[in-house]
Amino acid sequence: MADNHDPRCRQCRREGVKLYLKGEKCYKRCTLEKTSRDGKTKWRDKPPGMHAAPAFQKKMTEYGVQLREKQKLRRIYRVLETPFRNYLRAALNMPGVTGENLLQLLETRFDNVVYRFGLAASRAMARQLVTHRHFTVNGRRVNIPSYLLKPGDVVGVHETMSKSGAIKEARENAHKRGLPVWLDFNVNTLEGRVVALPSRDQIDTQVREQLIIEFYSR
């Protein structure tokens, strides 16, 4: 299954913001934050590469701003270009605001919902656990990370994974992210349910989706 294998800290440096691609490690130590000798924390604004200029020295064109916003969203949800375009086409055919529809589709991916439930420390870990068939949807094992969940779907942990140390550790750290209001999770039974489709104000992804729509409308 295709995936982006670029170094994750490098991806964050390229976008100039924390994408939280490494789970709890991003909260403890981040390569974008540099501590000086006097103990002050500085933000590393230089993208990766030998000849890359700091962000404040580089004048971004309108196309460049739109491109960076699109790349940021792709990297957050770990989606390659072709599937991302397919999500956009589907969003265009849905009633409502296209940008909100796009985020809604990405949020209801199986691997993202597993991450939101706190059953994985990162989306990358959630993707791996899903492909290894450690989770069920409505009682049936599903190993497709891009599987789109609907309101009423119940996600459970398969018995082979219920006592795993990774699940216990992720569950203990889940409070740091919090549970979105459009999801419900039972800690005792390790079952979660999709209550409703998320609205834009219920999605905490810091991205300007309208710029992405404009990028593909050129």
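Residues numbered from 1 in each chain as written. Predicted model: local features only at pLDDT ≥ 70, side-chain atom pairs only at ≥ 80, totals over all residues. Heavy atoms only, no water.

> Can you walk me through the pattern of salt bridges in this structure?
Opposite charge on two side chains allows them to pair when their charged atoms are near. Applying the stated criterion across every chain yields a total of 10 salt bridges. With a closest N to O distance of 2.9 Å, aspartate 111 and arginine 109 form a salt bridge. Arginine 109 shares its class with aspartate 111; the two are buried. The network of salt bridges with shared partners includes Lys70, Arg74, Glu81 and Arg85. (Salt bridge = Lys/Arg side-chain N within 4 Å of Asp/Glu carboxyl O. Buried < 20%, exposed > 50% of the residue type's maximum accessible area, 1.4 Å probe, protein only.)

> Help me understand the confidence of the model for the protein, please; the structure alone is not making it clear to me.
Predicted coordinates in regions of low pLDDT should not be interpreted in detail. Mean pLDDT over the protein: 80, with 68% of residues reaching 70 or higher. Across the protein, the secondary-structure element scoring lowest on mean pLDDT is helix 2 (residues 25–28), at 55, and the one scoring highest is helix 5 (residues 98–107), at 95. (pLDDT = per-residue confidence, 0-100. Helix = DSSP H or I, 4+ residues; strand = E, 2+ residues; numbered from the N terminus.)

> Explanation requested: the packing of aromatic side chains in the structure shown.
Aromatic rings in a pair are described by how distant their centres are and how their planes are angled relative to each other. Summed over the entire model, instances satisfying the criterion amount to 5 aromatic pairs. Taking the centre distance of 6.1 Å and the plane angle of 35° together, the rings of phenylalanine 84 and tyrosine 216 count as tilted. With a gap of 132 residues between them, phenylalanine 84 in helix 4 (residues 81–92) and tyrosine 216 in helix 9 (residues 209–216) connect regions that are remote in the sequence. The residues phenylalanine 84 and tyrosine 216 share a single accessibility class, namely buried. (Phe/Tyr/Trp six-rings, centres within 6.5 Å; stacked < 30°, edge-to-face > 60°.)

> What is the right way to read the pairing of strand 6 (residues 183–186) from this model?
Look at any regular strand and the pattern is simple: side chains alternate between the two faces of the sheet. Side chains of strand 6 alternate between two faces, with Leu183 and Phe185 buried and Asp184 and Asn186 left unburied. Pairing analysis gives 4 bridges linking strand 6 to strand 7 (residues 191–194), with the strands arranged antiparallel. Note that in strand 7 the partner of aspartate 184 across the bridge is arginine 193. Linking strand 6 back to strand 7 in an antiparallel pair, the connection comprises 4 residues, with leucine 190 at a positive phi of about 55°. (Pairing = 2+ DSSP bridges.)

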